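For reference, the chains in residue letters:
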Amino acid sequence: MQKDQRQVLLALLAISAIVFWMFIPANQTGAQDANMLALFEVDEYAQYPHLVRMLTPGETLLQTLRNFLVYQHYFYGYPFYFFSALLALPVKLALGSGWAGQTHILVTALRQLVNVLPMMAALLLLVWMHTRFRPLWKAAGLYLLLLSVPGVVANNLWWHPDSLVFLFVVLTLFFLDRDDLRFGRNFFLAAAACGLAAGTKYLGLLFVLAVPLYLAWGLRAGRLRIGRAALLGAGFVAVMAAAFVLANPLLLLPQERAEIVAVQRLQFVQTGTGVFLANDAPLLAEGYPEDLRIHYGELYFVLLGFAALAMGLFNPERRRLNALTLAWLIPITVVVLTAGTRRTHYFLPVLLPVYAAFANFFPTLGGLTARLSGGLRRAIPAALMLGLVVQVGLFARTDLQLLRAQLSREATSASLHFTQQVRAYVLAGLPVPPEVVYRDWRVYFPSQSGQQVEMNWELASYPLMEALRPQLVLLERENVALFSQAFVMDRAVDRGNMAATHAFYGDAARETLKGYRLVYTDDFGMAFVSDALAQYFRWR
């Protein structure tokens, strides 16, 4: 890296530092205790107890190592939990003996170090690949554009595997680009990064077109013969598989491997079909989705990004990088567009590499428009720049809205207000607190001394109530409104489970929940007490 490139890198690192610190206040919210995580990010709520257990010392060194290794939440690969625990360990040591109760500090650190930091690293690599950090305006402009994408901002506001796996994806492209058809160390580093991407969230498997394309490029350039290309392809797969297994060492233990396989089968069903309700409608069946427009830009902007990627194929210096990016995009786009479960962050590894290709416009556009008249030759770049500026302005407005909402989410939380009202108008009317409470996912109700608070990932049902026998049942109106409708049976992924859920929430909607009386409701939730406690409330 030459002096001017190092200067650009320093400027980009300065921007990164500012952005990193900018997210801290927003990432300190919504984590005052572990229960509060369920209100705003139920995935964090599911993940957090497993991380705490990983960091909890056992009675012996062997038990401590087992806690760290057997993470039990097998919906994601071990690299996510390994790096999360590794980065949280110094924070835990700094907090001392009361570390487990400092949820807001630990979760803030996780959001910053496992999401914000890897995302910035991945975007810096994309900027390097497309600009080589020259000139400053172009590299800084592209970096700021990528940072401003609301999908990136939203993903920086929680603790989840997506930034980490995206970094592994970008590292795979980075090492292939750096290898420059030499088929040496960087080629196999790309295989290792690909294995980590596959071992974290399967995305490495989607390089199924890019790696053969790279080998074919070597054949066409005369760098390889067919025999060596076949050996290199086998070597790439071998290194990738080794990285996959080493990153997930529990696969070597038969009992844990069986549990991982079972969880992953469920994960494939939920991702491909839906969690509770099947969703087989094509993503673009009704046009360009609103959540994509908000988080990734207007349709013209997305199309401009793909045009820029295609334009890069005409630039000899960046042709191979853009071709590899396109080969990566084809499989993942098909997977994302056909998945039954659709979430905004799924599009990060699809559209961010596309937007990085905006760097292709200005070195290539001149050659493509050279035969046009002078007015058109100047007007086309000006129009493109105007389109970029308009979209960045829209991004900035959305980013501010996201950050403001994050900063105020505790004060404006309907769930927290519901809990306050339940405590004021329901619990205050009881002679003693209920011993057992059932709550839906996003109902905030931390347990008091001697109180058992239950939540079920399969949602509520009469068999569950019979097993738990709660005196207080707290339901989300959103769940009641959805699962009480008849159509859920036609779209159910599991009709048996859905029948029990539908019967329970249907009675809740009609306020005829067997064994319970409705004593409080608002726009967020419904509070039912058992018939035995209903005597303490006055009825209309």
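Every value quoted in this text rests on a predicted model; they were computed, and no experiment measured them.

Rules behind the numbers
Residues numbered from 1 in each chain as written. Predicted model: local features only at pLDDT ≥ 70, side-chain atom pairs only at ≥ 80, totals over all residues. Heavy atoms only, no water. Pairing = 2+ DSSP bridges. Helix = DSSP H or I, 4+ residues; strand = E, 2+ residues; numbered from the N terminus. Axes fitted to C-alpha atoms, helices over the stretch in contact; angles between N-to-C directions. Contact = heavy atoms within 4.5 Å. 1 Å grid on protein atoms, 1.4 Å probe; cavity = no way out; pocket = protein on both sides within 12 Å on 5 of 7 lines; lining within 4 Å. Points joined across faces, edges and corners; volume = space filled by probe spheres on them. Phe/Tyr/Trp six-rings, centres within 6.5 Å; stacked < 30°, edge-to-face > 60°. Lys NZ or Arg CZ within 6 Å of the ring centre and 35° of its normal. Parallel < 35°, antiparallel > 145°, perpendicular 65-115°, else oblique. Nonpolar A, V, L, I, M, F, W, Y, C, P; charged D, E, K, R; others polar. Salt bridge = Lys/Arg side-chain N within 4 Å of Asp/Glu carboxyl O. Buried < 20%, exposed > 50% of the residue type's maximum accessible area, 1.4 Å probe, protein only. Polar contact = N/O pair within 3.5 Å; in protein donor to acceptor, adjacent residues only side chain to side chain. Core = buried A, V, L, I, M, F, W, Y, C linked by side-chain atoms within 4.5 Å. Patch = residues over 30% accessible without salt bridge, like charges linked within 9 Å, V, L, I, M, F, W, Y side chains within 5 Å. Areas by Shrake-Rupley, 256 points an atom, 1.4 Å probe, with all protein chains shown as cover. Expected span 1.5 Å × (residues − 1).

Q: I'd like to hear about the sheet that holds strand S1 (residues 436–439), residue by residue, with values.
A: Read across the sheet, five strands follow the order S2-S1-S3-S5-S4 without closing on themselves; strand pairing throughout is mixed. The open sheet is flanked by strand S2 (452–454) and strand S4 (516–521), the only strands paired with a single partner. Between one strand and the next, the sheet's axes are offset by a mean angle of 20 degrees, whatever the strand orientation. Note that S1 and strand S3 (residues 472–476) share three bridges and pair parallel. Residue pairing in the sheet places Arg439 in a bridge with Leu474 of S3. Contacts from helix H25 (residues 495–509) reach S1, S3 and strand S5 (525–530), with the element oriented near 95 degrees to S3.

Q: Residues and numbers for the layout of surface pockets, please.
A: In this structure, the second largest pocket encloses a volume near 510 Å³. Secondary structure elements with two or more residues in the lining of the second largest pocket: helix H1 (3–27), helix H7 (136–148) and helix H19 (374–407).

Q: Let's hear about unusual backbone geometry: which residues, and what values?
A: Of all residues except glycine, most have a negative phi; of all peptide bonds, most are trans. That bond from Arg134 to Pro135 is cis: its omega, -20 degrees, falls within 30 degrees of zero. Here Pro135 lies in the loop between helix H6 (103–131) and H7. The phi angle at Leu181 is positive, at roughly 65 degrees, despite the residue not being glycine. Note on placement: Leu181 falls in the loop between helix H9 (162–179) and helix H10 (185–201). Positioned with a positive phi, Arg469 is a non-glycine residue whose angle comes to about 50 degrees. Locating Arg469 in the fold gives a position in the loop between helix H22 (462–468) and S3.

Q: Which residues make up the pairing of S4, and what values go with them?
A: Strand direction decides the pairing type here: S4 and S5, joined by five bridges, are antiparallel. Bridge pairing in S5 places Tyr520 opposite Ala527. Counting the residues between successive antiparallel strands, the hairpin from S4 to S5 contains three residues.

Q: Could you give an account of the packing of aromatic side chains, naming the residues involved and the relevant values?
A: Inspection of every chain in the model, using the stated rule, returns 32 aromatic pairs. Each ring, one from Phe187 and one from Phe188, has its centre 5.2 Å from the other, and the planes form 85 degrees; the classification is edge-to-face. Chaining the aromatic ring pairs together yields one cluster made of Phe68, Tyr71, Tyr74, Tyr76, Tyr78, Phe80, Tyr81, Phe82, Phe83, Trp159 and Phe168. Seen from the ring of Phe40, Arg409 lies directly overhead, with NZ or CZ sitting 4.6 Å from the centre. The positively charged end of Arg423 is found above the aromatic ring belonging to Phe445, 4.7 Å away from the centroid.

Q: Describe in detail the packing of helix H3 (residues 42–55) against H6, supporting the description with residues and values.
A: Two numbers describe how H3 lies on H6: the axes approach to 12 Å, and their chain directions differ by 105 degrees. In this view, H3 runs roughly perpendicular relative to H6, as classed from their interaxial angle. Residue-level inspection shows Glu44, Tyr48 and Leu51 of H3 in contact with H6, the latter providing Thr103, Leu106, Val107, Leu110 and Arg111. Among the residues making up the contact of H3 with H6, the classes are represented as five nonpolar, one polar and two charged.

Q: Please provide a residue-by-residue account of the pattern of salt bridges, values included.
A: Taken as a whole, this structure holds 14 salt bridges when the rule is applied. Note that Asp177 and Arg132 form a salt bridge whose closest N and O atoms lie 3.0 Å from each other. You can see Asp177 sitting in helix H9 and its partner Arg132 sitting in the loop between H6 and H7, a full 45 residues away along the chain. The salt bridge involving Glu476 is made with Arg442; its shortest N-O contact spans 3.0 Å. Of this pair, Glu476 sits in strand S3 while Arg442 is found in the loop between S1 and S2, placing the two residues 34 residues apart along the sequence. Judged by its relative accessible area of 27%, Arg442 is partly exposed. Overlapping salt bridges, with partners in common, bring together Asp180, Arg182 and Arg320 in one network.

Q: Explain the side chain of Asn322 residue by residue, including any values.
A: When you line up the elements, Asn322 lands in helix H16 (residues 319–338). Overall, Asn322 belongs to the buried group, its relative accessible area being 0%. A polar side-chain atom of Asn322 sits 2.7 Å from a polar atom in the side chain of Asn360. Residues contacting Asn322, with those up to four places away along its chain left out, are His130, Leu309, Gly312, Leu313, Ala357 and Asn360.

Q: Requested: an account of the nonpolar core, with residues and values cited.
A: Core analysis: the biggest nonpolar cluster contains 95 residues, and Leu12, Leu123, Tyr143, Leu352, Tyr355 and Phe358 have the highest contact counts within it. Grouped together as the second largest cluster of nonpolar side chains are 31 residues, Ala31, Leu55, Leu250 and Ile260 included.

Q: Please provide a residue-by-residue account of the environment of Leu181, values included.
A: By relative accessible area, which is 6% here, Leu181 ends up buried. Distance in space between the C-alpha atoms of Leu181 and Arg320 is 9.9 Å, their sequence separation being 139 residues. Apart from residues no more than four positions distant in its own chain, Leu181 is found in contact with Tyr214, Trp217, Gly218, Ala221, Arg223 and Arg320.

Q: Explain a nonpolar patch on the surface to me, using residue names and the numbers behind them.
A: Among the surface-exposed residues, Val208, Leu209, Leu313, Phe314, Leu326, Ile330 and Val334 lie close enough to one another that they form a single nonpolar patch of about 600 Å² accessible area. On the secondary structure map, Ile330 appears in helix H16. Assessed through its relative accessible area of 44%, Ile330 is described here as partly exposed.

Q: Please set out the environment of Pro150 residue by residue, giving values where relevant.
A: Checked against the element boundaries, Pro150 lands in helix H8 (residues 150–155). Note on Pro150: relative accessible area 0%, which makes it buried. Considering only alpha carbons, one finds Pro150 and Gly297, 147 residues apart in sequence, at a separation of 8.4 Å. If we skip the residues at most four places from it in the chain, Pro150 touches Ile294, His295, Phe395, Thr398, Asp399 and Leu402.

Q: Can you lay out H25 for me, pointing to particular residues and giving the numbers?
A: Relative to the 21 Å expected for 15 residues at 1.5 Å per residue, H25 spans 20 Å between its end C-alpha atoms, a close match to the ideal helical length. Among the residues of H25, those classed as buried are Met498, Thr501, Phe504, Tyr505, Gly506, Asp507 and Ala508. The secondary structure elements touched by the buried residues of H25 are S1, H22, S3, helix H23 (477–483), helix H24 (487–490) and S5. Capping the start of H25, Asp494 holds a side-chain oxygen 3.1 Å from the backbone nitrogen of Gly496, two or three residues further along. Just downstream of H25 lies Glu511, where phi reads positive at about 60 degrees.

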